[in-house]
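# Residue-level structural notes
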Number of protein chains: 2
Amino acid sequence: MPRFFADKNNISDNNITIDGSDAQHIGRSLRMKIGEELILCCDKIDYKTKILSISDNEVCCEILEKSPIISEPNVSLTLYQAVPKLDKLELITQKAVELGVAKIIPVITSRCISRPDKKGFSKKKERLNKIALEAAKQSGRGIIPQVWDILDYKTAVKSLKEHDFSFVCYEKWGIPFSSVVNPLDFKDKSVGLFIGSEGGFSESEIALCEEMGIKTISMGKRILRCETAPISAISIIMALSGNI
Amino acid sequence: MPRFFADKNNISDNNITIDGSDAQHIGRSLRMKIGEELILCCDKIDYKTKILSISDNEVCCEILEKSPIISEPNVSLTLYQAVPKLDKLELITQKAVELGVAKIIPVITSRCISRPDKKGFSKKKERLNKIALEAAKQSGRGIIPQVWDILDYKTAVKSLKEHDFSFVCYEKWGIPFSSVVNPLDFKDKSVGLFIGSEGGFSESEIALCEEMGIKTISMGKRILRCETAPISAISIIMALSGNI
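For clarity, every value in this text was computed on a predicted model and none was experimentally measured.

Criteria and thresholds
Residues numbered from 1 in each chain as written. Chains lettered and ligands numbered in written order. Predicted model: local features only at pLDDT ≥ 70, side-chain atom pairs only at ≥ 80, totals over all residues. Heavy atoms only, no water. Least-squares fit on C-alpha atoms with pLDDT ≥ 70 in both. Contact = heavy atoms within 4.5 Å. Buried < 20%, exposed > 50% of the residue type's maximum accessible area, 1.4 Å probe, protein only. Helix = DSSP H or I, 4+ residues; strand = E, 2+ residues; numbered from the N terminus. Pairing = 2+ DSSP bridges. Domains from an automatic or database assignment. Buried area = accessible area lost by both parts, 1.4 Å probe. Salt bridge = Lys/Arg side-chain N within 4 Å of Asp/Glu carboxyl O. Nonpolar A, V, L, I, M, F, W, Y, C, P; charged D, E, K, R; others polar. Phe/Tyr/Trp six-rings, centres within 6.5 Å; stacked < 30°, edge-to-face > 60°. Lys NZ or Arg CZ within 6 Å of the ring centre and 35° of its normal. Expected span 1.5 Å × (residues − 1). Bend = angle between axes of the 7 residues up to and from the residue. Polar contact = N/O pair within 3.5 Å; in protein donor to acceptor, adjacent residues only side chain to side chain. Axes fitted to C-alpha atoms, helices over the stretch in contact; angles between N-to-C directions.

Overlaying chain A on chain B yields an RMSD of 0.0 Å, the required transformation being a rotation through 180 degrees with an accompanying axial translation of 0.0 Å. A rotation of that kind, with that shift, is consistent with a two-fold axis. It is Ile-236 of chain A whose C-alpha, among those of chain A, lies nearest the rotation axis, at 2.7 Å. By residue overlap, the copies meet face to face through one surface: 100% of the interface positions of chain A are interface positions in chain B.

Okay, the pairing of strand β7 (residues 103-108) of chain A next. Residues and elements named next belong to chain A. The buried fraction of β7 amounts to five of the six residues, a majority that puts the element mostly inside the structure. With five bridges connecting them, strand β6 (residues 76-82) and β7 associate as parallel partners. What sits directly across from Ala-82, in β7, is Val-107. Of the strand pairs in this sheet, β7 and strand β8 (residues 146-147) are connected by two bridges, and their pairing is parallel. Across the sheet, the residue bridging to Ile-104 is Val-147, located in β8.

Time to look at the domain arrangement of chain A. Residues and elements named next belong to chain A. The assigned domain composition of chain A is domain 1 (3-68) and domain 2 (76-240). Taking only C-alpha atoms, the centre of domain 1 and the centre of domain 2 are 33 Å apart. Listed per partner, the contact involves eight residues of domain 1 and eight residues of domain 2. For domain 1, the biggest contributors to the area lost against domain 2 are Arg-3, Phe-5 and Lys-44; these three give 79% of the whole. Across the pair Asp-22 and Lys-137 runs a salt bridge whose closest N-O atoms are separated by 3.4 Å. Mapped by element, the contributors of at least two residues to the side of domain 1 that touches domain 2 are β1 (3-5) and β3 (37-42). Ranked by residues supplied to the side of domain 1 that touches domain 2, first place goes to β1 with three residues. Across the side of domain 1 that touches domain 2, the residue classes tally to four nonpolar, no polar and four charged.

Residue and element names in this part refer to chain B. Structurally, Ile-105 is set in strand β7 (residues 103-108). Classification of Ile-105 by relative accessible area gives buried; the value is 2%. Remark: the alpha-carbon pair of Ile-105 and Asp-149, spanning 44 residues in sequence, is separated by 6.7 Å. When residues no more than four places from it in sequence are discounted, the contact partners of Ile-105 are Thr-78, Leu-79, Tyr-80, Gln-81, Trp-148, Asp-149 and Leu-151.

Right, let's get into the environment of Cys-169 of chain B. All names here are of chain B. Among the structural elements, Cys-169 can be located in strand β10 (residues 165-169). Residues Cys-169 and Gly-200, spaced 31 residues apart in sequence, show a C-alpha to C-alpha distance of 9.1 Å. When sequence neighbours within four positions are dropped, the list of residues in contact with Cys-169 reads Phe-177, Leu-193, Phe-194, Ile-195, Phe-201, Ile-217, Met-219 and Ala-233.

Applying the stated criterion to the full structure yields 16 aromatic pairs over all chains. On the numbers, 6.4 Å between centres and 65 degrees between planes, the contact of Tyr-80 of chain B with Phe-194 of chain B is edge-to-face. Of this pair, Tyr-80 of chain B sits in strand β6 (residues 76-82) while Phe-194 of chain B is found in strand β11 (residues 190-195), placing the two residues 114 residues apart along the sequence. A relative accessible area of 0% means that Phe-194 of chain B is categorised as buried. With 6.5 Å between their ring centres and 80 degrees between their planes, Phe-167 of chain B and Phe-186 of chain B make a pair best called edge-to-face. Remark: Phe-186 of chain B occurs in the loop between β10 and β11 and Phe-167 of chain B occurs in strand β10; sequence separation between them is 19 residues. For the pair Phe-167 of chain B and Phe-186 of chain B, a shared accessibility class is recorded, and that class is buried. Each member of the aromatic cluster is reached from another via a ring pair, and the members are Tyr-80, Tyr-153, Phe-194 and Phe-201 of chain A. Between the NZ or CZ atom of Arg-3 of chain A and the centre of the ring of Phe-5 of chain A, over which it lies, the distance is 5.6 Å.

Moving on: helix α3 (residues 118-139) of chain B. Three- or four-residue spacings in an α-helix give side chains the same orientation, since the helix completes a turn every 3.6 residues. Residues and elements named next belong to chain B. Helix length check: α3 (22 residues) gives 29 Å between terminal C-alpha atoms against 32 Å at 1.5 Å per residue, within 8%. The largest bend in α3 amounts to roughly 30 degrees and is located at Lys-124. Turning to α3, its buried residues are Phe-121, Leu-128, Asn-129, Ile-131, Ala-132, Ala-135, Ala-136 and Ser-139. Phi for Gly-140, located one or two positions after α3, is positive at around 80 degrees.

Of note in this structure, Arg-31 of chain A is not a glycine but carries a positive phi near 50 degrees. Tracing the chain through its elements places Arg-31 of chain A in the loop between α1 (20-29) and β3. You will see that Lys-44 of chain B, though not glycine, has its phi angle at about 70 degrees, which is positive. Relative to the assigned elements, Lys-44 of chain B resides in the loop between β3 (37-42) and β4 (45-54). Given a relative accessible area of 41%, Lys-44 of chain B falls into the partly exposed group.

A separate point is the side chain of Asp-46 of chain B. Checked against the element boundaries, Asp-46 of chain B lands in strand β4. A distance of 3.3 Å separates a polar atom in the side chain of Asp-46 of chain B from a polar atom in the side chain of Arg-3 of chain B.

Looking now at the environment of Arg-141 of chain A. All names here are of chain A. Note that Arg-141 resides in the loop between α3 (118-139) and β8. For Arg-141, a relative accessible area of 0% corresponds to the buried category. Along the sequence, Arg-141 and Val-83 sit 58 residues apart, while their C-alpha atoms lie 25 Å from each other. A polar atom in the side chain of Arg-141 sits 2.8 Å from the backbone oxygen of Val-97.

This next bit is on the sheet that holds β1 of chain A. Residue and element names in this part refer to chain A. Spatial strand order, β1-β3-β4-β5-β2: five strands in an open sheet with mixed pairing. A strand with exactly one partner marks an edge of an open sheet, and here the two such strands are β1 and β2 (15-19). Between one strand and the next, the sheet's axes are offset by a mean angle of 40 degrees, whatever the strand orientation. Packed onto the sheet, α1 meets β1, β2, β3, β4 (45-54) and β5 (58-68) and runs at close to 95 degrees relative to β2.

Next up, the structure:
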């Protein structure tokens, strides 16, 4: 059965309305008719619905059943990603959403080669959020993880520190994820994960993280590309927390 | 210090010869001179060497020091990958090598959309092995993992079964990696990992694996793309075996 994300504001007691490109997709591409059934998802709930009316701009559906979504991980993982080249950030966004992150926050660090300002990043953010939406649909997520505005390094570290667990991956030293936590520790907790760009982190950046109590993690003895490290680290956190 | 892989046949007691495109690269691109030092790697050993002579076709080096490479994982992991579209197989090859696989064996399964025969695959294999070589150089591997010829499903399953541990990842059922093995179990063992193509495996393919004693692994409740699954599974195996 086709599945779409619905906007919270378009959900009433009995009905859900779908507008925009999804409405067009339902009517024109899928050629769905009144009376056919759709799954509409919002905020970790799947609504089984029946189409009441279809136009090019709007599809109105009646709610038949509600069920909580079981595909969301029990850990809320935020990826703080030092900004790499755009194509790499696109790959990271797609894979991070598939693997279960809650949100992605791009960060400018001292060694970022690509250094867009907030304004310059707004179009890219739009594109990245489209990729996140598509990945959320494809992988059966219960939320649409958002790509946020760019943060500077210091603001990112302060925000990272606010999670129940906070990690920074570094190629020069660190301990493995598996030595940090017991799998059960992660349950229903928030985790912040900071990954460097192509040039990695400077020692003073890592020193600041460590001063703030953020754990430095080693990703092993092979040098991972900056787009491999987050995919690998998220996989490991999800496995250690019982979500893979 | 620049680092290149050397051919076993080009190593004598005191000298190592580099030929082909690497020789050109050393002379023309890096503009290295006689007396300068190079790291040459072969079969998990790094040789610190000094250049004795340079021509366009050949660089001859004197061995100064030998040291075993510590970047190789203590588990020998073979990826059996059902053939996806070529660009995905390229990404999988690059990431699998970075993350530490020993070799990659493409397999034709019932749901492969891309179904090259052995002959048709030979040019692709050449390209994939170039990608593997570059990834091995970049990530500091001690071996160059090879992409093998395509196997049919039944031959692949027989070969998979010969490993100390053999796993097949399946989206419909299975247990998590973490419930299968104690980290210490993996040490110095061989692991075979079978991952599906875009269409996944058929139930009868999984049944055959299970009959052969191959463990079915679940990669969690989100649906991973066929290129995400191997990257994620390899990361988890390397983390569980203490190699990340």
